[in-house]
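# Structure at a glance
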Amino acid sequence: MTANPRKGRQPRHAGRLTVRGVPVRVPRTWLFIAAVLTGISINLTTPDGTQAELIRWYSATAVIVIGSIASLLGHEIAHDIVARRRGTRLHRLDLSAMGALTDEAFPPERPDDDAVVAAIGPAVSFAAGALLGAVWWLLPRDSLPATVLGPLAVVNLALGGLTILPGYPTDGGRILRAFLWYLSDDLISATKIVSIYGQIIGFGIVLSGLLLLALGDTWSVAAAWLLFTYWSVSQSARQSLALTLLREGGRRVTVDEAGLGISRRIAGDRTIDATLDEILQSVESGPLLVQQDGAIVGLVSLENIRRVPRISWDTVTVGQIASPIDDIPRAGGEWTLIDILDLVDESASNVALIVTGDHIVGAVDRNLIYARIREHLRRPRMDLPRRRAR
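So, how was this worked out
- Residues numbered from 1 in each chain as written.
- Predicted model: local features only at pLDDT ≥ 70, side-chain atom pairs only at ≥ 80, totals over all residues.
- Heavy atoms only, no water.
- Helix = DSSP H or I, 4+ residues; strand = E, 2+ residues; numbered from the N terminus.
- Buried < 20%, exposed > 50% of the residue type's maximum accessible area, 1.4 Å probe, protein only.
- Contact = heavy atoms within 4.5 Å.
- Areas by Shrake-Rupley, 256 points an atom, 1.4 Å probe, with all protein chains shown as cover.
- Pairing = 2+ DSSP bridges.
- Axes fitted to C-alpha atoms, helices over the stretch in contact; angles between N-to-C directions.
- Salt bridge = Lys/Arg side-chain N within 4 Å of Asp/Glu carboxyl O.
- Parallel < 35°, antiparallel > 145°, perpendicular 65-115°, else oblique.
- Left-handed = near helix turned anticlockwise from the far one by under 90°.
- Core = buried A, V, L, I, M, F, W, Y, C linked by side-chain atoms within 4.5 Å.
- Nonpolar A, V, L, I, M, F, W, Y, C, P; charged D, E, K, R; others polar.
- Patch = residues over 30% accessible without salt bridge, like charges linked within 9 Å, V, L, I, M, F, W, Y side chains within 5 Å.
- Polar contact = N/O pair within 3.5 Å; in protein donor to acceptor, adjacent residues only side chain to side chain.

Our focus in this paragraph is the overall build of the chain. Counting secondary structure elements, the chain contains 12 helices and 9 strands. By residue count, 46% of the 390 residues in the chain fall in the buried class. Taking as baseline every contact in the chain between residues at least 6 positions apart, the subset at least 24 positions apart corresponds to 68%. When the accessible surface of the chain is split by element, carbon and sulfur atoms take 61% of a total near 20100 Å².

Further remarks concern the sheet that holds strand S5 (residues 288-292). Spatial ordering of the open sheet is given by S4-S5-S6, a layout of 3 strands whose pairing is mixed. A single partner strand is all that each edge strand has here, and the edge strands are strand S4 (265-267) and strand S6 (295-300). Going from strand to strand, the sheet's axes swing by 40° on average, the running direction of each strand aside. Sitting on the sheet, helix H8 (residues 272-281) touches S4, S5 and S6, and the angle it makes with S4 is about 170°.

A full pass over the atoms with the stated rule returns 12 salt bridges. A salt bridge links Asp 103 to Arg 174, with the shortest nitrogen-to-oxygen separation between them at 3.2 Å. Pair noted here: Asp 103 is in the loop between strand S3 (93-94) and helix H3 (111-138) and Arg 174 is in helix H5 (residues 171-184), with a separation of 71 residues, a long-range link. No difference in accessibility class separates Asp 103 from Arg 174, as the two residues are buried. Here Arg 251 ties to Glu 109 by a salt bridge, and the two come within 3.5 Å at their closest N and O atoms.

Quick look at the sheet that holds strand S2 (residues 22-25) now. Spatially, the 3 strands line up as an open sheet ordered S1-S2-S3, and their pairing is mixed. For this open sheet the edge positions go to strand S1 (18-19) and S3, each flanked by a neighbour on one side alone. Across 2 bridges, the pairing between S1 and S2 is antiparallel. Considered in S2, the bridge of Val 19 is made with Val 22.

Contact geometry for H3 and helix H4 (residues 144-163): axes closest at 8 Å, N-to-C directions at 155°. One way to sum up the angle between H3 and H4 is to call them roughly antiparallel. Every pair of crossing elements has a handedness; the one defined by H3 and H4 is left-handed. For the pair H3 and H4, contact is made by Pro 122, Ser 125, Phe 126, Ala 128, Gly 129, Ala 130, Leu 132, Gly 133, Val 135 and Trp 136 and by Ala 146, Leu 149, Gly 150, Leu 152, Ala 153, Asn 156, Leu 157, Leu 159, Gly 160, Gly 161 and Thr 163, respectively.

This part takes up the nonpolar core. Across soluble globular proteins, nonpolar side chains have a tendency to be buried as a group. By size, the foremost hydrophobic cluster in this structure holds 22 residues, and its most contacted members are Val 255, Leu 260, Leu 337, Ile 340, Val 364 and Ile 369. Of all the elements in the fold, those that place two or more residues in this core are helix H7 (219-249), helix H11 (337-345), strand S8 (351-356), strand S9 (359-365) and helix H12 (366-377). Residue contributions to this core peak at 6 residues, all from H11. In this view, Val 255 contacts Leu 260, Gly 261, Gly 332, Gly 333, Trp 335, Leu 337, Ile 340 and Ile 354; residues no more than four positions away in its chain are not counted.

With that settled, consider the packing of H11 against H12. Between H11 and H12, the shortest axis-to-axis distance is 10 Å and the interhelical angle comes to 160°. As summarised for this structure, H11 and H12 are arranged roughly antiparallel, according to the angle between their axes. In the crossing of H11 with H12, the sense of the turn from one axis to the other is left-handed. Within the contact between the two elements, H11 uses Leu 337, Ile 340, Leu 341, Val 344 and Asp 345 and H12 uses Arg 366, Ile 369, Tyr 370, Arg 372 and Ile 373. Residue composition of the contact of H11 with H12, grouped by class: 7 nonpolar, no polar and 3 charged.

Right, let's get into the pairing of S9. Within S9, 6 of the 7 residues are buried, which leaves it mostly tucked inside the rest of the structure. In this sheet, S9 lies alongside S8 in antiparallel orientation, the contact comprising 6 bridges. Along S9, the bridge assignment pairs Ala 352 with Val 364. As consecutive antiparallel partners, S8 and S9 are separated by 2 residues, and within that stretch Gly 357 has a phi angle of approximately 65°, a positive value.

On to a nonpolar patch on the surface, then. On the surface, a cluster of nonpolar side chains totalling about 380 Å² of accessible area is made up of Ile 193, Ile 196, Tyr 197 and Ile 200. Inspection of the secondary structure puts Ile 193 in helix H6 (residues 187-215).

In this fold, Arg 177 is placed in helix H5. Within the local environment of Arg 177, its side chain forms a polar contact with the side chain of Asp 114, the two groups lying 3.2 Å apart.

Structure, rendered in structure tokens:
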């Protein structure tokens, strides 16, 4: 039997931007839209004046933008600090428009952990906003520090206020979900309920944005930001809900039950040309095990073939292009699909081997695991998984 070292594993994030060992993810679309809206905001609100006044204005704006990003990052780091104190950690830091703590960043395991880790984000933002506001109150209104600290106080208070709203996937929605999850012992039903609240809140945000847009001038900037915020949160809500359904569906199914313990094998001395059809057929069934002299010596997939010039396919063997298996993590048939999915996600190779005793019997990747979870979710007699970690 292969031990499940889930709690003790350290994720690998080579080549990624990390903070406290946690990868930071900033969606490209979010960066683009934020940059455009920031530029529009500056052009619409830049005061007329001397060159010195303009330099002062742009300098203050730059500090405010940097401070806003730092505030959002601090909000996310607070989640990770509390998560670690409770014996877990965030999988990544998502710098989204509303600082929502997604299920992909922090998979739900226990209602109490979920509520406490989610609550610290808005608390830190409110505290930072109150502190910055107090300092701003003591400064002369026409000073550069006051010009910077006032907006930053508003940013933090707004971040705290928006994230505490009880609509999934905001922090407030996650707190409400944890409470409903605790009462019902059903994470999926709780997630669906708070998602409805999230849609209602989103409708309110869109309505407010349209009303501000009708006012024109500088109000149109606020309207654009509100509409962008709704788009960002609605996208995150749909993705997180789908992910939660998949993760919870995989908690009750083991590797053996999903039929992942048997993978196709291919002889290492065969050429690429001779095995191409088999490799193409394996796209939906995961990596192929390469066998030589009765032993598994590697894995092969379409990615391995792409690295070989077409002219060499009739001479290069599968064994020559196979990926080595020494550093690939291994799991037993008793593992649940969600546990092995975490193992694959944290692996540098994005693949895991299935073993029985000391023998390798299969190989899985993320797509294959998700496919098996979907198959089990579609079974009519499968009860909704209800699980609360104790």
